[in-house]
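Given next are the chains, with one letter for each unit.
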Amino acid sequence: MARIAIPIAVLALQQLVAATGCPFADPANLHLKAAGVPETPIADATVDDSKGYLTDDVGGQISDQDSLRAGERGPTLLEDFIFRQKITHFDHERVPERAVHARGAGAHGTFTSYGDWSNITAASFLGKAGKETPVFVRFSTVAGSRGSADTARDVHGFATHIVGNNIPVCNQDAIRFPDLIHAVKPKSDSEIPQAATAHDSAWDFFSQQPSTLHTLFWAMAGFGIPRGYRHMDGFGIHTYRLVTDEGDSKLVKWHWKTKQGRASLYWEEAQAVAGKNADVHRADLFDAIASGNHPEWELAIQVIDEDQALAFGFDVLDPTKIIPEEFAPLQKIGVMKLDKNPTNYFAETEQVMFQPGHIVRGVDFSEDPLLQGRLFSYLDTQINRHGGPNFEQLPINRPVVPIHNNNRDGAGQNLIHKNTAPYTPNTLNGGFPMQANQTNGRGFFTAPTRKLSGNYVRGLSSTFDDHWSQPRLFYNSLQPVEQQFLINAIRFETSNVQSRDVRANILTQLNRIDNDIAVRVATALGMEAPAPDPKYYHDNTTQGISITNETLPTIATLKVGILSSVLAPGAGSNSSLFSNSSSKALDQAKRLKKRLDLSGLVTSIVAESQVAGVDKTYSQADATDFDALVVVAAADDAGLFNLDSLSPLYPPMRPLQIASSAFVFGKPVAYFGGAAPSQMLKAAGFTAASAAAADAGVFVGANLDAAAKSIEDGLKTYKFTDRFPLDK
């Protein structure tokens, strides 16, 4: 019936049109489009920014690069409508994904104070030795979307009650933060590239806003590509205040120091991991906690007197500056252990909403202009993400103490308030909830010693003007191979920049830090470096920067791959004649795995087929899966690493590729069960046994304990950097 009805309906429509006439079929009814009428509705919404002055959203001409503050070193003012409009719009750009720090992982744990620190702070969680406080921590990348890879080169978020990053510096003024993020995000026309700064707009901004250079240098070094969340430090970035019950205050910087040791990836390795296992950091944290290997970080502080804010040659209120440890040594005051994974990622990790305004008695803010803006921006962002002001009622965000206030209603209200007099002062509810302050109810209070003077200023203090001395301090404090990694990263990034003007501008900025850096980058770009600009040149160094000059304090949970084979003896690599449970190569691998497991290592045997005793297949495995790699001699004897070793069970030359890549990526490698690796393995870096080879992270031999010890010692070194070439 339906097939008949459609033609009948069409016929009826044709008859109707014939009777009444179609206005669009008659040329007399066609008219030219009036002049000035847009081609499409969207054309009228097109904005041309090729000329003119910056305006607010209602057309008033403005300047938006500096916040309005009370005195040039004073706090940002609430009346700064330009800042509030700009940052509010930025906060609301993404729904519901975070505008920044979208991709991350989290875990529950406990913070334990090492002592009674009431001599410097009234903070309860630091009030006595052994006091435990529950915590939830979220780690993240910054620029990429939720679907981006964990190993993208980026600053990494490290959010506890102190909302920070794995890099101790950021940008200078919160009003500039939307510009920074817009510059590093993908192009608005193509949405390319994702989670990467190797493009024109990012480096255009870096070259025009030199206050970004210090953060940039940290990100271009190993801190931008950590091995995982467990192997990176955290920093509060800003200068805060510690305040005693009596109101005495000092300035403080917060540091989280990993007890697993710091470790970073090699850039080529990081790119390979992104394609093979985009979730590597999230999985590493989750798996470690699930296995009972609970990661820990010690909380350390740098404390200085209020009158030392300008004593070190820079302004400690400038969030692009570190306080060198030589000026203010780190004092360890407690330890945080993460020991419980989320039950539901969305309900916990995705819905957790941090903000610097989650402050406690005994801690106070400083006039740091980035911190001042974040106090507004983070709250506004969470309201946007949750759709209302009640995000702190979500289970993951609820405090561990009772809530008593006069906040009411709003979207997502979960609480049933019994008080019918939600205002202060009142008599109908007995005057409750009462006001808490310094002397009553142990309430939060602002440090009484804080004071301001000066005229309203839209601008930063001149004490913030030096953008080049501290990037040079950072660079000077790296080992030569780490300096090479940093330069190679800048070469990679800027070689993707198409604009020669942007390239020239970045060379100018690099030259203000170090002429040698500019020359080495210019060489790769085929450009001429500028002449030295020595105003900010110095030879100072500071401790605690270099990663490669440290060994890991623990190797538990690090991953070792053992390349083996399940081929029956003499079967040949293209054979389907596999041993179901045993081969000489598999027996060697099992012996070594049993020994390495005693050290808490996560050892995987790799072979052609996943028979009993095999953890990964060659088609599944990659060098980036492991922190160290072992080849068993019997697998080599079977011809597995020959150029003509082909099998339909894995891509061509996959075993040799895994072995070669492990060496190229600087990992400790070993040849176990024999003394004479094949020529192909020797060419891949598995050299004959010698003291020099052992020092370089290579072991060749048949002794089980010696092989295991070589791998264990090599993992403590983690990366054997002599394998990486340096500029002459």
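Residues numbered from 1 in each chain as written. Predicted model: local features only at pLDDT ≥ 70, side-chain atom pairs only at ≥ 80, totals over all residues. Heavy atoms only, no water.

### So, the overall build of the protein
Reasoning step 1: Helix and strand counts for the protein stand at 19 helices and 18 strands.
Reasoning step 2: Each principal axis of the C-alpha atoms in the protein carries an extent, and together these give about 95 × 85 × 65 Å.
Reasoning step 3: For the protein, the residues scored as buried account for 52% of the 728 residues in total.
Reasoning step 4: The long-range share in the protein, meaning contacts at least 24 apart out of those at least 6 apart in sequence, stands at 75%.
Reasoning step 5: For the protein, the accessible surface area stands at approximately 33,300 Å², while carbon and sulfur atoms represent 55% of it. (Helix = DSSP H or I, 4+ residues; strand = E, 2+ residues; numbered from the N terminus. Buried < 20%, exposed > 50% of the residue type's maximum accessible area, 1.4 Å probe, protein only. Contact = heavy atoms within 4.5 Å. Areas by Shrake-Rupley, 256 points an atom, 1.4 Å probe, with all protein chains shown as cover.)

### Details of the packing of helix H12 (residues 500-513) against helix H13 (residues 515-525)
Reasoning step 1: Two elements in contact, H12 and H13, have axes separated by 6 Å at closest approach and are oriented at 155°. Between H12 and H13, the angle is such that the two are roughly antiparallel. Across from Arg503, Leu507, Leu510, Asn511 and Ile513 in H12, the residues of H13 making contact are Asn515, Ile517, Ala518, Val521, Ala522 and Leu525.
Reasoning step 2: Class assignment for the residues of the contact of H12 with H13 results in eight nonpolar, two polar and one charged. (Axes fitted to C-alpha atoms, helices over the stretch in contact; angles between N-to-C directions. Parallel < 35°, antiparallel > 145°, perpendicular 65-115°, else oblique. Nonpolar A, V, L, I, M, F, W, Y, C, P; charged D, E, K, R; others polar.)

### Things to note about unusual backbone geometry
Both trends apply: most residues other than glycine have a negative phi, and most peptide bonds are in trans.
Reasoning step 1: Here the bond from Thr424 into Pro425 is cis, since omega is 0°, no more than 30 degrees from zero.
Reasoning step 2: Secondary-structure assignment places Pro425 in the loop between helix H9 (369-386) and strand E12 (456-458).
Reasoning step 3: Look at the link from Phe432 to Pro433: it is a cis peptide, with omega at -5°.
Reasoning step 4: Looking at where Pro433 falls in the secondary structure, it is placed in the loop between H9 and E12.
Reasoning step 5: The backbone of Ala195 shows a phi angle near 50°, a positive value even though the residue is not glycine.
Reasoning step 6: As for its position among the elements, Ala195 is in the loop between helix H3 (177-184) and helix H4 (200-208).
Reasoning step 7: Phi is positive for Thr557, which is not a glycine, with a value near 75°.
Reasoning step 8: Overall, the relative accessible area of 6% leaves Thr557 in the buried class.

### A short note on the packing of H4 against H12
Reasoning step 1: The N-to-C vectors of H4 and H12 enclose an angle of 40°; their axes lie 9 Å apart at closest approach. Regarding the angle of H4 to H12, the classification is oblique. The crossing of H4 and H12 is left-handed. Two secondary-structure elements touch here, H4 through Asp200, Trp203, Asp204, Phe206, Ser207 and Gln208 and H12 through Val502, Asn505, Ile506 and Gln509.
Reasoning step 2: For the contact of H4 with H12, the class distribution of residues is four nonpolar, four polar and two charged. (Left-handed = near helix turned anticlockwise from the far one by under 90°.)

### Considering the nonpolar core
Reasoning step 1: Counting 58 residues, the largest nonpolar core has Trp203, Phe206, Phe217, Phe474 and Leu486 as the members making the most contacts within it.
Reasoning step 2: Breaking this core down by element, the ones donating at least two residues are helix H2 (81-91), H3, H4, helix H5 (213-220), helix H10 (469-476), helix H11 (480-495), H12 and H13.
Reasoning step 3: Among the elements that line this core, the one with the most residues is H5, at six residues.
Reasoning step 4: Here Phe474 is in contact with His214, Phe217, Trp218, Ala221, Phe223, Leu486 and Ile545, once residues within four sequence places are set aside.
Reasoning step 5: The next biggest cluster of nonpolar side chains, apart from the first, holds 53 residues, and it includes Ala263, Ala662, Tyr671 and Ala707. (Core = buried A, V, L, I, M, F, W, Y, C linked by side-chain atoms within 4.5 Å.)

### Focus on H9
Reasoning step 1: With 18 residues, H9 should reach 26 Å at 1.5 Å per residue; the first-to-last C-alpha distance of 26 Å fits that figure.
Reasoning step 2: Roughly 30° is the biggest bend found in H9, and it falls at Leu375.
Reasoning step 3: When you tally the buried positions in H9, you get 13 out of 18 residues, the bulk of the element.
Reasoning step 4: Structurally, the start of H9 carries an N-cap: the backbone nitrogen of Leu370 is 2.8 Å from a side-chain oxygen of Asp368. (Expected span 1.5 Å × (residues − 1). Bend = angle between axes of the 7 residues up to and from the residue. Polar contact = N/O pair within 3.5 Å; in protein donor to acceptor, adjacent residues only side chain to side chain.)

### Overview of the pairing of strand E10 (residues 331-340)
Reasoning step 1: Examined bridge by bridge, strand E2 (residues 104-113) and E10 share six bridges and lie antiparallel to one another. In the sheet register, Ser113 faces E10, and the bridge partner there is Gly334.
Reasoning step 2: Direction of pairing for strand E9 (residues 296-304) relative to E10: antiparallel, over a ladder of six bridges. In the sheet register, Glu298 faces E10, and the bridge partner there is Val335. (Pairing = 2+ DSSP bridges.)

### Some remarks on the sheet that holds strand E13 (residues 559-563)
Reasoning step 1: Strand order across the open sheet formed by six strands is E15-E14-E13-E16-E17-E18, with parallel pairing between neighbours. The two strands at the open ends of the sheet, each matched to only one other strand, are strand E15 (616-617) and strand E18 (698-701).
Reasoning step 2: Judged from the five bridges that link them, E13 and strand E14 (residues 602-607) form a sheet pairing that is parallel. Across the sheet, the residue bridging to Val560 is Thr603, located in E14.
Reasoning step 3: Across the face of the sheet, helix H14 (residues 584-597) comes into contact with E13, E14, strand E16 (628-632) and strand E17 (669-672) while running at roughly 170° to E14.

### Some words on the packing of aromatic side chains
Reasoning step 1: Counted by the stated rule, this structure contains 23 aromatic pairs.
Reasoning step 2: When the centroid spacing of 5.5 Å and the interplanar angle of 35° are considered together, the rings of Phe139 and Trp297 count as tilted. Residue Phe139 is found in strand E3 (residues 132-141), and its partner Trp297 is found in strand E9; the two are separated by 158 residues along the sequence. For the residue pair Phe139 and Trp297, the accessibility class agrees, reading buried in each case.
Reasoning step 3: Their ring planes at 55° and their centres at 6.3 Å tell us that Tyr266 and Phe665 sit as a pair that is tilted. You can see Tyr266 sitting in the loop between strand E8 (249-258) and helix H6 (267-276) and its partner Phe665 sitting in the loop between helix H16 (654-664) and E17, a full 399 residues away along the chain.
Reasoning step 4: With relative accessibility at 9%, the residue Phe665 sits in the buried group. (Phe/Tyr/Trp six-rings, centres within 6.5 Å; stacked < 30°, edge-to-face > 60°.)

### Quick look at H12
Reasoning step 1: With 14 residues, H12 extends 20 Å from end C-alpha to end C-alpha; this agrees with the ideal 20 Å at 1.5 Å per step.
Reasoning step 2: Among all positions of H12, only Val502, Arg503, Ile506, Leu507, Gln509, Leu510, Asn511 and Ile513 are buried.
Reasoning step 3: The secondary structure elements touched by the buried residues of H12 are H4, H5, H10, H11 and H13.
Reasoning step 4: Its side-chain oxygen 3.3 Å from the backbone nitrogen of Asp501, Ser499 forms the N-cap of H12.

### Comments concerning the environment of Gln435
Reasoning step 1: Relative to the elements of secondary structure, Gln435 occurs in the loop between H9 and E12.
Reasoning step 2: Classification of Gln435 as exposed rests on a relative accessible area of 59%.
Reasoning step 3: Separated by 247 residues in the primary sequence, Gln435 and Lys682 have C-alpha atoms spaced 75 Å apart.
Reasoning step 4: In this view, Gln435 contacts Thr424 and Asn440; residues no more than four positions away in its chain are not counted.

### Concerning the pattern of salt bridges
Reasoning step 1: Taken as a whole and assessed by the stated rule, the structure comprises 42 salt bridges.
Reasoning step 2: For Lys250, the salt bridge goes to Asp305, with nearest N and O atoms at 2.5 Å. With Lys250 in strand E8 and Asp305 in the loop between E9 and E10, this residue pair connects regions lying 55 residues apart in the sequence.
Reasoning step 3: For Asp305, a relative accessible area of 32% corresponds to the partly exposed category.
Reasoning step 4: Three or more residues joined by partner-sharing salt bridges are found here, namely Arg241, Glu306, Asp364, Glu367 and Arg450. (Salt bridge = Lys/Arg side-chain N within 4 Å of Asp/Glu carboxyl O.)

### Side note on the side chain of Asn171
Reasoning step 1: Following the sequence through the fold, Asn171 ends up in the loop between strand E5 (163-165) and H3.
Reasoning step 2: Judged by relative accessible area, which is 4%, Asn171 ranks as buried.
Reasoning step 3: Within the structure, Asn171 has its side chain in polar contact with the backbone oxygen of Asp173 (distance 3.0 Å).
Reasoning step 4: What Asn171 contacts, discounting residues up to four positions off in sequence, is Arg176, Phe177, Leu180, Pro319, Thr320 and Leu370.

Limitation: the analysis is restricted to geometry and does not speak to function.
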